[in-house]
Structures are given as C-alpha cells and as structure tokens.
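Structural description and commentary
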Amino acid sequence: MTNRYVAVLADLAGSASPPGIDPAEFRLALLEDTYEVAAGLDLVTPALVVAPPVPPEIESITWPGTPIVPAEGLGEAFARLHELGAEQAAIIAADAPDLPPLLIGKLFRALSHAPAAACPAEDGLVALAAWLPLPDWLRTALDTVDLDTPDAFERLRAAAPRPGLVQSGPGWHRLRWPADIARLDPGLEGWDNTRVLLGG
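Before going into details, it helps to say that this report is about the structure given with it. Quick caveat, the model's predicted, so the values are computed rather than measured.

Thresholds, definitions, all that
- Residues numbered from 1 in each chain as written.
- Predicted model: local features only at pLDDT ≥ 70, side-chain atom pairs only at ≥ 80, totals over all residues.
- Heavy atoms only, no water.
- Buried < 20%, exposed > 50% of the residue type's maximum accessible area, 1.4 Å probe, protein only.
- Helix = DSSP H or I, 4+ residues; strand = E, 2+ residues; numbered from the N terminus.
- Arc of directions from axis to C-beta.
- Contact = heavy atoms within 4.5 Å.
- Core = buried A, V, L, I, M, F, W, Y, C linked by side-chain atoms within 4.5 Å.

1. Brief notes about helix H2 (residues 73-83)
- For H2, the set of buried residues is Leu74, Gly75, Ala77, Phe78 and Leu81. One side of H2 holds all its buried residues, which, seen down the axis, span an arc of 165°.
- Looking at the buried side of H2, the elements it contacts are strand E1 (4-10), strand E2 (45-50), strand E3 (68-70), strand E4 (88-93) and strand E6 (124-131).
- In the segment just after H2, glycine 85 is the residue with positive phi, at about 115°.

See the structure below:
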C-alpha cells in the first residue's frame, strides 16, 4: 500500500479576519478545522508544515504523534515529507476549513496516472498532491510557485514536459478575505472551530 501523507500548510499570518474577530484566533480556528479534515481521512498520515520557528500554539491543535514539519516553501515541504516516508503527499492551504475530504481523495486518485494533481481556487490552489520524490521539473517550478500564486495551476502545467502531467481535481474555495465568509455553508458538516468563532 502506498504511504500517503496529507499536510496542512500552517500560515498564521495569512487570511484576513472578519471585523470584530481577533485575527490570530481566526487563523488558528481555520488551521485547526483544516487539520481536522486531514486527520479524519482514512489510510493517510496527517501532518502540519510550518515555516520555522514553529509557533508554540501549533502543537495544541494536533492529535498526539502528528508530525510537525519545519519547511520554507512547497518544494522543501514535499522533501521533508518524503524523508518521513511519504511516497505520495498532498499539501493543503490552512484556510479551507470546510474542504470536503472527497476532494483530497480525488487528488490521490488522479496520481494513478500523473505525477501531480491540484485542487484549484479562484486565486491559486487549495491543495497540491504529488508522487515523491518530486520530479526535477516540479521541484524547480515550486521554487517560484506556491499555493497563493494566482496562476499556480497554469504555471505548473507550463513547467511540465506535458500539460497532462499536472491533473486538475474539482476546485474549492479558500477564506482569504472577510467577504469569503459568505462561501461557508452552515448546512455543511465540519469547520466547527470557525463556526463557533463566527458565532454560528
């Protein structure tokens, strides 16, 4: 069986909070909910990827034994996950608290016929999955492309020897700006910490 990791890219300086909500608490709630998506998946190892130094509050949201991987950038993050034993890995943006687990499953299925697969967002990517170790062309592309790069999917496809080497899964949304809160569906299960913080 393929050894799969799903890592959340913890960015505690990212998304802007809605008015009246503490920005640090908001970002931590998003991160915890997104981590819960990863941790709830079957047959994968959840992890967090954090740019050093690792904030002390990070460990408080994870299950015991969760790897916390210090890394700068997606290329280094995938390399560190490979060192932990990952043969495939998906890295998710921390501001997707209501991401359906099925979409991560679809990325791994796409890896059955391509070395990389992405879940696109309006400006950038929600997640990127790949076989490890990364092929040279992808590792080089990730020197200048991350999940926040507006045309990330197009740039990764352009860097590949053939466009089909980077598959696209169904897209989803990220909560990067206060107006994005309207994208949350109260009837959708999950995102409990964000829901409580928003007073819903």
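Don't stop here, the text continues.
2. Looking at the nonpolar core
- Ranked by internal contacts, the top residues of the largest apolar core, which has 33 residues, are Phe78, Leu81, Leu128 and Leu156.
- Of all the secondary structure elements, the ones that give two or more residues to this core are E1, E2, H2, E4, strand E5 (116-121), E6, helix H4 (136-141) and helix H5 (152-159).
- Discounting chain neighbours no more than four positions away, the residues touching phenylalanine 78 are Ala89, Ile91, Leu128, Ala130, Leu132, Leu134 and Leu142.
- One finds Val6, Ala10, Leu31 and Ala117 within the second-largest nonpolar core, a separate group that totals 30 residues.

3. Looking at the environment of alanine 118
- Secondary-structure assignment places alanine 118 in strand E5.
- With near-sequence residues (within four places) excluded, alanine 118 lies in contact with Leu107, Leu125, Ala127, Leu128, Phe153, Gln167, Ser168 and Gly169.

4. A closer look at the environment of valine 196
- The residue valine 196 is located in helix H6 (residues 192-197) in this model.
- Sequence separation between valine 196 and aspartate 148 is 48 residues; the distance between their C-alpha atoms is 26 Å.

That is the geometry; function is a separate question.
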